[in-house]
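Topology and contacts: notes
Listed below are the residues making up each chain.
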Amino acid sequence: MHRTDEEIVAEVLTGRTQQYAEIVSRYQKPVYNLMFRYTRHELDAADLTQDVFFKAFNRLSSYRPERSLFSWLYKLAINVANDWSRARTRIQTKIPSSETLHTPHTAHRNPAIRLEDRDQEELLEQAMESIPAETREILLLRYRHEQPIKEVAAIFGIGESAVKMRIKRGLEQLQKIMQEINTHEQGFFR
Amino acid sequence: MNKDSFDSEKIEMLLRRHPEHDVPPGLQQRIIASLPLGNRPEGIAFKLKSWWDRLMLPAPMPMKAGAVVAMIAAAFWLGTEVESRQKTGETALQVESTGMETAAGNSWTDNRIGMDSLEDQAGAYAIDFSSDETLSRQKSNNLDDLSDIFLSSEAVPIEDRQNFQAAGIPRIDSTLFLLNLAHNLADSGNYHGALHQYEKVLRLNPQDQTALYNRATSYHHLNDQEGERLAFLSYLDQFRSGRWAYQAVDHLQRLGVFDYQTCMIGGRKVVVNQAILLGSSPPARQRELERLVPSLRRPLSGELHLVVFYQNDLQKSRTIATELKQQIHSILGEDRALPIKTSWFDEAAPVQTGTGEKRELKTGLFLFTQPSTQQRSTI
C-alpha cells in the first residue's frame, strides 16, 4: 500500500523513526543530483546529501503538511548547498587565468565533424554551468521535477512573478549560451 | 545550425529529460546509519524541541508571542545572573581583563584574540574568536600564521577540537579549512602562500580536484611554467572530463605540451593522453584505453576513426594504428563490436597554438566518430 509523505512523517514523529528510511529512499536521488550539480564531485555530493537528510530528520517536527515534503526537503538542500558554496569559494571563479588566455586548438580540421552534431544534452549541460546556480535550479525544479510555480517560489523565498521572470530569462540565457558555444566551436575538431 | 534550433520549446524539452546520476551504492544505508533511529518513546528533549519548532512557525498569535517574550526575558535574567557570578567568583581568562572583548566582532580583533589565546594555550577561547567565517574575512598574512598555530596539535587540546567539531564548524585541519585559506591568499595575490596551502591539501587528499587545479593556476600566475606544466599534467592524470579538464588541456597546449588531446566521441568531448597511446608501453596504453571504455560503450552511430601520424615512418604509424585497433577491440570484448576505421600518415601532425603559431608534431593521433543520422538531419 502506498503511503503519502505526510503519513510517513506523522509516523516518524510519533516515534517510529525507522520509517524515515522510506523518505530517504524516495528523495535521495534528486537531493544527490542537486548536490552533484553544486559540487561536481561524487564524494562531496554524497556527504552533503547525508547532511541534508540528517538535518531534515532533526527538523522534521517543523515540517507542515500544507507544503509538499519534496519542496520542504529541497529548500533545506538548497540552503546546505549554498552554505557549502560560500565556504568553498573556488579560486577558479576568482582568478580569470583561463579567460585571459587564448585557447589553442589543433589546426587539423575535419569538415565532417561539426559542433552542430554534438549531443544536445551535452550542450545544455555546458550551458547550465554558465548560468547562475539559482536560475539553473529554478529551471530544473520547474521542468525536470515538474514543481508548480507556487512551490518553486516557496523554496527560493521569492514571489511567483519573480519565478516566472527567472524562468523566462533563464531560458533566454540558455538559448543564447548554447548558440554562442555553437558559433564559437563550429568547425573545430579538438 | 541556425538559432531556431534552440528555441524555448526545445530547451524546455531538454530540461524535462535532463539526465540524473544514480546515487552511489550504499548511500541510503550510510544516511540511515548516521541517524539516531529506533522505535522508542519520545524523550522530553525531543518533545521540547518539537514544541519550540512549532512555536517558532510563522503564525503570529498572542499566546505564542507572549510565550516568546517571556522566554527571552527569562533568558536575559539568567544571563545577567550567570555573568555577575562569574565576575565575582571565577578567574576569567586574561583576555577579559584587557578589555579586548569589547571589540569582539571585528574580524581583525577576533583574529588577534584567537592568535594570542592560542599562544597562551587557551585553545577553547581561541576557537571562539577564530571561526572559519572570521578567517575568511581576514585577508592578511596573519592567516598563514594562525593556520600554522592551529595546525600544531599541541596548541589546541583534543577536547577543544571535539567541541569545535560538535559546534558544526569544519575541522581546522580539514581540506575545507586549508582550501579557504589558500583561496584567500591567492585572492590577495599571495600565490606562494596559496601554493603552500594547496600542497598541504594535497598531502591530506592527493586527489582533491580544487587543489590540483588551483595549484596549477597559482604556478601560472607566478609565471613558473615548469611548475604549471607539471601541475596541469597531475590534474589531467586524475581528471579527464568537465570544463576544467578541457581548460587544463588548453593550458598545456599553450605551454607547447601536446601530450593530451581532446577528441569528439559520440558527440561528447573526451580527453586522451596521446603521448601514452603513441608510446611504446603496452600496459600504459592499455590503461589509457580503458579510460575510454565508457565513451566507447555508449551507442555510437557509424565507425570510430583512428588516425595516426608518425613523421617519416609510415610503417610505424601503421603498426601503432593497427595495435591500437586490436587493443580497443580486445578491451571492449565481443559484446561490443565497434567498427574502427584506421588511417596512418608519415607526415607530422599540424597544430596551431593560441597565439596563432603553427607547429608540427612529429607524432600525433586523432580519435573521433561521425555524427549520427539524427544529428545530421538537424543541420
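Labelled according to an unreviewed UniProt entry, chain B appears under the name Tetratricopeptide repeat protein, originating from Desulfoprunum benzoelyticum.

Before going further, it helps to examine the overall build of chain B. The number of helices and strands found in chain B is 19 helices and seven strands. For chain B, the proportion of contacts with a sequence separation of at least 24, taken over those separated by at least 6, is 57%. Split by element, the accessible area of chain B, about 20000 Å² in all, is 53% carbon and sulfur.

Before going further, it helps to spend a moment on the environment of Val 163 of chain A. Residue and element names in this part refer to chain A. Within the fold, Val 163 resides in helix α10 (residues 160-185). Given the relative accessible area of 0%, Val 163 is considered buried. Residues Val 163 and Lys 150, 13 residues apart in the sequence, show an inter-C-alpha distance of 8.7 Å.

On to the packing of aromatic side chains. Evaluated as defined, the whole model comprises eleven aromatic pairs over all chains. On the basis of an interplanar angle of 50° and a centroid distance of 5.8 Å, the ring pair of Tyr 27 of chain A and Phe 70 of chain A is categorised as tilted. Linking Tyr 27 of chain A in helix α2 (residues 20-39) with Phe 70 of chain A in helix α4 (residues 69-87), this pair joins segments that are 43 residues apart in sequence. The two residues Tyr 27 of chain A and Phe 70 of chain A agree in class, both being buried. Plain terms: the ring middles of Tyr 213 of chain B and Tyr 235 of chain B are 5.3 Å apart, the flat faces sit at 80° to each other, and that makes the pair edge-to-face. Here Tyr 235 of chain B lies in helix α14 (residues 225-238) and Tyr 213 of chain B lies in helix α13 (residues 209-221), a separation of 22 residues in the sequence. We classify Tyr 235 of chain B as buried; its relative accessible area is 0%. Three or more aromatic residues link up through ring pairs in this structure, and these residues are Tyr 213, Phe 232, Tyr 235, Phe 239 and Trp 244 of chain B.

The rules behind each value
- Residues numbered from 1 in each chain as written.
- Chains lettered and ligands numbered in written order.
- Predicted model: local features only at pLDDT ≥ 70, side-chain atom pairs only at ≥ 80, totals over all residues.
- Heavy atoms only, no water.
- Helix = DSSP H or I, 4+ residues; strand = E, 2+ residues; numbered from the N terminus.
- Contact = heavy atoms within 4.5 Å.
- Areas by Shrake-Rupley, 256 points an atom, 1.4 Å probe, with all protein chains shown as cover.
- Buried < 20%, exposed > 50% of the residue type's maximum accessible area, 1.4 Å probe, protein only.
- Phe/Tyr/Trp six-rings, centres within 6.5 Å; stacked < 30°, edge-to-face > 60°.

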